[in-house]
2 protein chains.
Amino acid sequence: MNLKQLADSLNLSQTTVSRALNGYPEVREETRARVLAAAKAAHYAPNSRARRLATGRAMTIGHVIPLTGQTEMVNPIFADFLIGAGEVYGREGYDLLLSMVTDGDTEGAFRQLAANGSVDGIMVQAPQAEDPRIALLQELKMPFLVHGRTGDAKGYSWLDIANVRAFRRATDFLLDLGHTRIALINGQAGFDFAQRRLRGFEEALAARGLAPLPHLVANDAMTESYGYLSAAAMLDGPEPPTAFLASSVIIAIGLRRAAGERGLRLGRDISIICHDDELSYLNNDVGGPDFTATRSSIRAAGRRCAENLIALIHDPEQPPIQELWDVTLTVGRSTGPCPTI
Amino acid sequence: MNLKQLADSLNLSQTTVSRALNGYPEVREETRARVLAAAKAAHYAPNSRARRLATGRAMTIGHVIPLTGQTEMVNPIFADFLIGAGEVYGREGYDLLLSMVTDGDTEGAFRQLAANGSVDGIMVQAPQAEDPRIALLQELKMPFLVHGRTGDAKGYSWLDIANVRAFRRATDFLLDLGHTRIALINGQAGFDFAQRRLRGFEEALAARGLAPLPHLVANDAMTESYGYLSAAAMLDGPEPPTAFLASSVIIAIGLRRAAGERGLRLGRDISIICHDDELSYLNNDVGGPDFTATRSSIRAAGRRCAENLIALIHDPEQPPIQELWDVTLTVGRSTGPCPTI
DNA sequence: GCCTTTGCCCAAAGCGCTTTGGGTTGCCCT
DNA sequence: AGGGCAACCCAAAGCGCTTTGGGCAAAGGC
């Protein structure tokens, strides 16, 4: 069933039927009702390919996930963000086009999306400290929104959490408990968020005349085994930390495993504080929070990013939309005063 | 730059340029080379909306994720599967359309996708024991592939792991170690995979004249806190289990937390065996496997499912493609003989 | 009573591609 | 010389929708 057939069956023109379905005022309410009823009865839905060609809008937003080697962003964070964004897209009538890039040529993928007009906008996740994607998208005149930010963060739209503040606060919390040998188990060094978190960590230490201990700072993709291995190495090495700062709950789980194997009790023998993205399947808040954590829902961020990107698509001339979210610090059972030796 | 402009600039017809770009034989190789060079120089890419309208193919495959309340499938498993499938789609020139359904009306979403022709095929994940989606897709004459299976598993294409066999084997392994009070921390009862795993568990027990203990069987969405809470309740209750069988690594992590809090050492005081989907960020194989586990890569499954679905789209008349994957059992450090009391 | 406005509807022209159904050469064959 | 056949290329007809630019009544203004 297409528009022509529907129009014929109603003895109306395609124009009128199209207008009736799309809510234009030039059609009598009685006619509109008749059209809507017939469309429903016939299970008619306009062909999206034809509609998109005619309107020139793709009604689609692209997410590009790089899958290259070590940098692979295939972490749970991307999934929950996607869910949040997808909710909004669905509500607003947009499709979500997910594109995996295996050959490392993310820029090529962007060019392709722009050239063949298959998306109206692009969501950018996990920017590097210097990220070429932003300049490219500006050059392509493609609306985009960055989750995170990079460089001076001027001239484009983004949404980010206050990473520096969050990690300064978390570090302060540990310092207040008397810890001085604090380890930072961070994400990969190239990412902007990892650099900001390191800065927060450094600032808090500096304020008390301390500095990060090089052997207690680690950077890598945020997996459980990375958390486990770094903690194991640090705990078994000289000058072991009395507290850990972890960039994700996944890492913290690895830390907990290493601690457990060594008979160390969280919150007593060793302290852990982590950043919690409030992932759906890693709820940290059953019967009171387990890990002490700075928290910010990645899913909520996905929702908001989607809303902002759609606003940007509707009016590309508007000034950049920038949002900085503060995080909350929830005290759980994984932190306690520094044990006196 | 569109086809007409490109053709004009080359003093060729749109027909010839289109054929040159799409590899048809009616055009001289010299002409083809000239066209390709010009297209490249002009950064020309055919408009995908127009192409799709003209060819009648969407070159898109739909994944529909239900987000309704408890049944929400937002787990890490869906993400890794998506990655695997997306790799193949990209390679084969297909787009991945991801659709989140928040109002519970998955069937409506399917009807919509079919009616407006925005996808050529649909991937179905995590089927319920009786899943209406399959009959619906058959009725809609929409090519689809099920990851998992349901009912008698006849007449449609699917790819599944041998759940019954896997859990029978895992249970046997624990029985061989002398365990008899074994707990099963399963997924939600409605899912087909959960029912098959229960069956495998029951069969292994029955072969030794045993039966599942009702207070040692749990069903719920596979989160870490669910694992933690069920283990806590069972360990603190009467007749605590000496071994656990968990339907995912995430659950097993929750079990480990509960065990750790109670001072129980894995593989000595308590045994855990789980099913491991080989999630990228929960590598269970660093320095030898940690959890004893039945394993099967969900990402590889995603890849294979995508290949099979594309084959199905290319030839919808072919007989159903059905694949049953066996799993491997890897022995780790989380299992040991039943402690003699 | 005539002209303009308003309300409602239609025919037809795109959107940018693919594909059908020819045309036009030039070459070989009889 | 003329017919047949490749080899190349083109004009034009869709694909199914939206949207422009009217047209035709009935209603309102002088």
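Please read all numbers here as calculations on a predicted model, not as lab measurements.

Caption draft 1: Molecular detail of the protein's contact with DNA strand C. Thr15 and Thr16 of chain A together with Leu3, Ser18 and Arg19 of chain B are the nearest of the 27 residues found near DNA strand C. Here DNA strand C approaches the protein such that, of its atoms within 4 Å, sugar and phosphate make up 56%. Thr31 of chain A is positioned with one of its side-chain polar atoms (N or O) 2.9 Å from a phosphate oxygen of DNA strand C. Ala50 of chain B is positioned with one of its backbone polar atoms (N or O) 3.5 Å from a base nitrogen of DNA strand C. For the surface near DNA strand C, the secondary-structure elements that each account for two or more residues are helix 2 (14–21) and helix 4 (48–55) of chain A together with helix 2 (14–21) and helix 4 (48–55) of chain B. For the surface near DNA strand C, the residue count by class is 10 nonpolar, 12 polar and 5 charged.

Caption draft 2: Fine view of the domain arrangement of chain A. Residues and elements named next belong to chain A. Assigned domains within chain A: domain 1 (3–46), domain 2 (60–161 + 299–325) and domain 3 (163–297). A straight line from the C-alpha centre of domain 2 to that of domain 3 covers 28 Å. At the interface, 19 residues of domain 2 touch 20 residues of domain 3. Summed over both sides, the interface between domain 2 and domain 3 buries roughly 1,600 Å², with carbon and sulfur atoms accounting for 49% of that surface. In this structure, the connection of domain 2 to domain 3 is made through 0 salt bridges. Summed over the shared surface of domain 2 and domain 3, the result is 7 residue pairs in polar contact (both at pLDDT 80 or more).

Caption draft 3: How the structure looks around the relation of the copies chain A and chain B. Least-squares fitting of chain A to chain B yields an RMSD of 0.0 Å, with the transformation described by 0.0 Å of translation along the axis and a rotation of 180°. The two molecules are tied by a two-fold rotation axis, judged by turn and shift. When each C-alpha of chain A is compared by its distance to the rotation axis, Leu97 of chain A comes out closest, at 2.5 Å. The overlap is high: 100% of the interface residues of chain A also sit at the interface in chain B, so the same surface is used on both sides.

Caption draft 4: Broad picture of the interface of chain A and chain B. At the junction of the two partners, chain A supplies 55 residues and chain B supplies 55 residues. When chain A packs against chain B, close to 4,400 Å² is buried across both sides, 62% of that on carbon and sulfur atoms. Run the count over chain A and chain B and you get 4 salt bridges. Among the ionic pairs, Arg256 of chain A bridges to Glu224 of chain B, the shortest N-O distance being 3.3 Å.

Caption draft 5: Fine view of the sheet that holds strand 12 (residues 328–330) of chain B. All names here are of chain B. Pairing is mixed across the open sheet formed by 6 strands, whose spatial order is 7-6-8-9-10-12. Lying at the two open borders of the sheet, with one neighbouring strand each, are strand 7 (217–219) and strand 12. Between one strand axis and the next, the sheet turns by 15° as a mean value, whatever way the strands run. Sheet topology places strand 10 (residues 292–295) next to strand 12; 3 bridges connect them, and they run antiparallel. Following the sheet pairing, Thr294 is matched in strand 12 by Leu329. Running over the sheet, helix 8 (residues 163–176) touches strand 6 (182–186), strand 8 (243–246), strand 9 (271–276), strand 10 and strand 12 and is turned about 170° from strand 8.

Caption draft 6: The arrangement of the nonpolar core in detail. If you look at the biggest cluster of nonpolar residues, it comprises 119 residues, and the most contacted ones within it are Tyr89, Ile185 and Phe244 of chain A together with Tyr89, Ile185 and Phe244 of chain B. Excluding its chain neighbours within four sequence positions, the residues that come into contact with Phe244 of chain B are Leu174, Ala183, Ile185, Ala231, Met234, Leu235, Leu255, Ile270, Ser271, Ile272 and Ile273 of chain B.

Caption draft 7: Representation of the protein's contact with DNA strand D. The environment of DNA strand D is made up of 27 residues, and the closest members are Leu3, Ser18 and Arg19 of chain A together with Ser13 and Thr15 of chain B. The sugar-phosphate backbone supplies 57% of the atoms of DNA strand D found within 4 Å of the protein. One nitrogen or oxygen atom from the side chain of Ser18 of chain A is found 2.6 Å from a phosphate oxygen belonging to DNA strand D. Going through the elements one at a time, helix 2 and helix 4 of chain A together with helix 2 and helix 4 of chain B are the ones with two or more residues in the surface near DNA strand D. Classifying every residue of the surface near DNA strand D gives 10 nonpolar, 12 polar and 5 charged.

Caption draft 8: Looking closely at unusual backbone geometry. You will see that Lys141 of chain A, though not glycine, has its phi angle at about 55°, which is positive. The residue Lys141 of chain A is located in the loop between helix 7 (132–139) and strand 4 (144–147) in this model. Classification of Lys141 of chain A as exposed rests on a relative accessible area of 73%. The residue Met59 of chain B is not glycine, and still its phi comes out positive at about 50°. Tracing the chain through its elements places Met59 of chain B in the loop between helix 4 and strand 1 (60–66).

Caption draft 9: Spatial organisation of the packing of helix 11 (residues 249–261) of chain A against helix 11 (residues 249–261) of chain B. The geometry of helix 11 of chain A relative to helix 11 of chain B is characterised by a closest axis approach of 11 Å and an angle of 40° between their N-to-C directions. Regarding the angle of helix 11 of chain A to helix 11 of chain B, the classification is oblique. The way helix 11 of chain A lies across helix 11 of chain B gives a crossing that is left-handed. Taking contact as the criterion, the partners of Ile253, Arg256 and Arg257 of chain A in helix 11 of chain A are, on helix 11 of chain B, Ile253, Arg256 and Arg257 of chain B. In terms of residue class, the contact of helix 11 of chain A with helix 11 of chain B is made up of 2 nonpolar, no polar and 4 charged.

Caption draft 10: Just helix 8 (residues 163–176) of chain A, in detail. Residues and elements named next belong to chain A. In a regular helix each residue adds 1.5 Å, so 14 residues correspond to 20 Å; helix 8 covers 20 Å between its end C-alpha atoms and thus fits that length. All buried positions along helix 8 are accounted for by Asn163, Val164, Ala166, Phe167, Ala170, Thr171, Leu174 and Leu175. Elements in contact with the buried residues of helix 8: strand 5 (158–161), strand 6 (182–186), helix 9 (192–206), strand 8 (243–246), strand 9 (271–276) and strand 10 (292–295). At the exit of helix 8 stands Gly178, carrying a positive phi of roughly 100°.

The rules behind the values
- Residues numbered from 1 in each chain as written.
- Chains lettered and ligands numbered in written order.
- Predicted model: local features only at pLDDT ≥ 70, side-chain atom pairs only at ≥ 80, totals over all residues.
- Heavy atoms only, no water.
- Near = heavy atom within 4 Å.
- Polar contact = N/O pair within 3.5 Å; in protein donor to acceptor, adjacent residues only side chain to side chain.
- Helix = DSSP H or I, 4+ residues; strand = E, 2+ residues; numbered from the N terminus.
- Nonpolar A, V, L, I, M, F, W, Y, C, P; charged D, E, K, R; others polar.
- Domains from an automatic or database assignment.
- Contact = heavy atoms within 4.5 Å.
- Buried area = accessible area lost by both parts, 1.4 Å probe.
- Salt bridge = Lys/Arg side-chain N within 4 Å of Asp/Glu carboxyl O.
- Least-squares fit on C-alpha atoms with pLDDT ≥ 70 in both.
- Pairing = 2+ DSSP bridges.
- Axes fitted to C-alpha atoms, helices over the stretch in contact; angles between N-to-C directions.
- Core = buried A, V, L, I, M, F, W, Y, C linked by side-chain atoms within 4.5 Å.
- Buried < 20%, exposed > 50% of the residue type's maximum accessible area, 1.4 Å probe, protein only.
- Parallel < 35°, antiparallel > 145°, perpendicular 65-115°, else oblique.
- Left-handed = near helix turned anticlockwise from the far one by under 90°.
- Expected span 1.5 Å × (residues − 1).

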